[in-house]
Amino acid sequence: MVTLSALRPAPKTPSTPPRGTKIQTSRGYRVFQVVNALILTGVVVVTLYPFVNIVAQSFSSESAITAGHVNVVPHGLNLTTYKKVMSDSAFWTDYRNTVVYTVTATAISMVLTTCYAYVLSKRHLKGRKALIGIALFTMFFNGGLIPNYVLISDLGLRNSIWSIVLPNAISVFNLLVMKAFFESLPDELEEAAMVDGLSTYGILGRIVLPLSKAVLATMVLFYAVSFWNSWFSAFLYMDRSDLFPVTVYLRNLIAGATGGADQGTASDTALQIGANIQAVTIVLTVVPILTVYPFIQRYFVSGVMLGAVKG
């Protein structure tokens, strides 16, 4: 005879241990944690060492650098190059130019890339494949150095900020990443916004962009670093030294110091500058980006990964 107690379900065993109970990890997992920590520490050391070495060289003497005695600690403290560079008014003029070029170019690039990517993310758009094909074609083929120089000259863009901004206004790689991110957003959000009466620009400005902070921050970083480090466009299209970015200034300083040293006509100061000018150059150009990066680092990885979910 079956009793009622036999029909009752057995009490479920709790899937999680009660509070205060310490979870015992296996020996294999502890070994994995130690090995993982050692590997990541090694990666950090290998990554940081070149930059620390460059900073040490920028403060070291010419003889210590030539003898190879500089690793992570400066030898023979030297501030000659820093004083030479930072006491020059042209340096600060070119630094200001770099800031203006980077901010202006990044803003224009973000507007154009965002609009283009948002359009390409709409599968119902007529001619969408042709627009994607045009973008991809420019990713692999270009007119070449001389045709580009002739085009910029004929358009009257030489010796102006536009010779730097416009030719590099859209990066196809950034465009495709942003397009993939927009495609990953739910269509229901835009449909609901359309029902509420928002226009296309309203949907983009009030719905899509607020949800795209991660990828937008990532693209800002990509464009800003690219324009900040760019020197060849200014070197090619600009003749006036008061319009040079700081990268061209430092490039000319390197050429002048090393050229004089090679010819045997350089003074002790020029030799000292030539010994660590590359290190000083790297430090002065990298520091501004390093100060900006921590503010958008939290968006960086998520922006790239979200943009790569859907292609």
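Residues numbered from 1 in each chain as written. Predicted model: local features only at pLDDT ≥ 70, side-chain atom pairs only at ≥ 80, totals over all residues. Heavy atoms only, no water.

Caption draft 1: A look at the packing of helix H6 (residues 128-140) against helix H9 (residues 172-184). In the contact formed by H6 and H9, the axes pass within 9 Å of each other and the chain directions differ by 145°. Residues Arg 128, Ile 132, Ala 135, Leu 136, Thr 138 and Met 139 of H6 form the contact with H9, whose participating residues are Val 172, Phe 173, Leu 175, Leu 176, Lys 179 and Glu 183. Residues belonging to the contact of H6 with H9 are distributed by class as follows: eight nonpolar, one polar and three charged. (Axes fitted to C-alpha atoms, helices over the stretch in contact; angles between N-to-C directions. Helix = DSSP H or I, 4+ residues; strand = E, 2+ residues; numbered from the N terminus. Contact = heavy atoms within 4.5 Å. Nonpolar A, V, L, I, M, F, W, Y, C, P; charged D, E, K, R; others polar.)

Caption draft 2: The arrangement of the packing of H9 against helix H12 (residues 213-229) in detail. Running from amino to carboxyl end, H9 crosses H12 at an angle of 180°, the nearest separation of the two axes being 11 Å. As judged from the angle between their axes, H9 and H12 are roughly antiparallel. Contact residues: H9 offers Phe 173, Asn 174, Val 177, Met 178 and Phe 181, while H12 offers Val 215, Leu 216, Met 219, Phe 222 and Tyr 223. Across the contact of H9 with H12, the residue classes break down as nine nonpolar, one polar and no charged. (Parallel < 35°, antiparallel > 145°, perpendicular 65-115°, else oblique.)

Caption draft 3: Looking closely at helix H11 (residues 200-208). Of the residues making up H11, those classed as buried are Gly 202, Ile 203, Leu 204 and Val 208. Contacts made by the buried residues of H11 are with helix H5 (89-120), H9 and helix H10 (187-195). (Buried < 20%, exposed > 50% of the residue type's maximum accessible area, 1.4 Å probe, protein only.)

Caption draft 4: Structural view of the confidence of the model for the chain. Chain-level statistics for the chain give a pLDDT mean of 81 and a share of 81% at 70 or above. When pLDDT is averaged over each element of the chain, H5 comes out on top at 92 and helix H1 (residues 4-7) at the bottom at 50. Note on residues 307-311: pLDDT is under 50 here. Beyond four places in sequence and across chains, it has nine contacts. (pLDDT = per-residue confidence, 0-100.)

Caption draft 5: Region of interest: a nonpolar patch on the surface. Residues Leu 145, Ile 146, Tyr 149, Val 150, Trp 231, Phe 232 and Phe 235 make up a contiguous nonpolar surface patch of about 650 Å² in total accessible area. For the nonpolar patch, the elements supplying multiple residues, two or more each, are helix H7 (145-154) and helix H13 (232-237). It is H7 that provides the largest number of residues to the nonpolar patch, a total of four residues. Note that Ile 146 resides in helix H7. By relative accessible area, which is 65% here, Ile 146 ends up exposed. (Patch = residues over 30% accessible without salt bridge, like charges linked within 9 Å, V, L, I, M, F, W, Y side chains within 5 Å. Areas by Shrake-Rupley, 256 points an atom, 1.4 Å probe, with all protein chains shown as cover. Salt bridge = Lys/Arg side-chain N within 4 Å of Asp/Glu carboxyl O.)

Caption draft 6: Just the layout of surface pockets, in detail. By volume, the largest pocket amounts to about 630 Å³. In terms of lining residues, the largest pocket is bounded by 24 residues, among which Thr 138, Asn 142, Pro 167, Asn 168 and Ile 170 are the most central. Mapped by element, the contributors of at least two residues to the lining of the largest pocket are H6, H7, H9 and H13. Each residue belonging to the lining of the largest pocket can be placed in one class, and the counts come to 17 nonpolar, seven polar and no charged. Around the second largest pocket, the lining is made up of 20 residues, and of these Tyr 118, Lys 122, His 124, Glu 190 and Thr 200 lie nearest the centre. Of all elements in the fold, only H5, H9, H10 and H11 reach the threshold of two or more residues within the lining of the second largest pocket. Partitioning the lining of the second largest pocket into residue classes produces 10 nonpolar, four polar and six charged. (1 Å grid on protein atoms, 1.4 Å probe; cavity = no way out; pocket = protein on both sides within 12 Å on 5 of 7 lines; lining within 4 Å. Points joined across faces, edges and corners; volume = space filled by probe spheres on them.)

Caption draft 7: Layout of the nonpolar core. By size, the foremost hydrophobic cluster in this structure holds 32 residues, and its most contacted members are Met 178, Phe 182, Val 208 and Met 238. Among the elements of the structure, H5, H6, helix H8 (162-165), H9, H11 and H12 are those that each provide at least two residues to this core. Here Met 238 is in contact with Tyr 101, Asn 159, Ser 160, Ile 161, Ser 163, Ile 164, Ser 233, Leu 243 and Phe 244, once residues within four sequence places are set aside. One finds Val 85, Phe 91, Trp 228 and Val 246 within the second-largest nonpolar core, a separate group that totals 16 residues. (Core = buried A, V, L, I, M, F, W, Y, C linked by side-chain atoms within 4.5 Å.)

Caption draft 8: A look at empty space enclosed by the protein. This structure, assessed with the given rule, holds one cavity of 30 Å³ or more. Of the volumes computed, that of the largest cavity is approximately 50 Å³. Along the walls of the largest cavity sit Thr 98, Tyr 101, Ile 164, Phe 227, Ser 230, Trp 231, Ser 233, Ala 234 and Pro 245, which together make up its complete lining. Secondary-structure elements contributing two or more residues to the lining of the largest cavity are H5 and H13.

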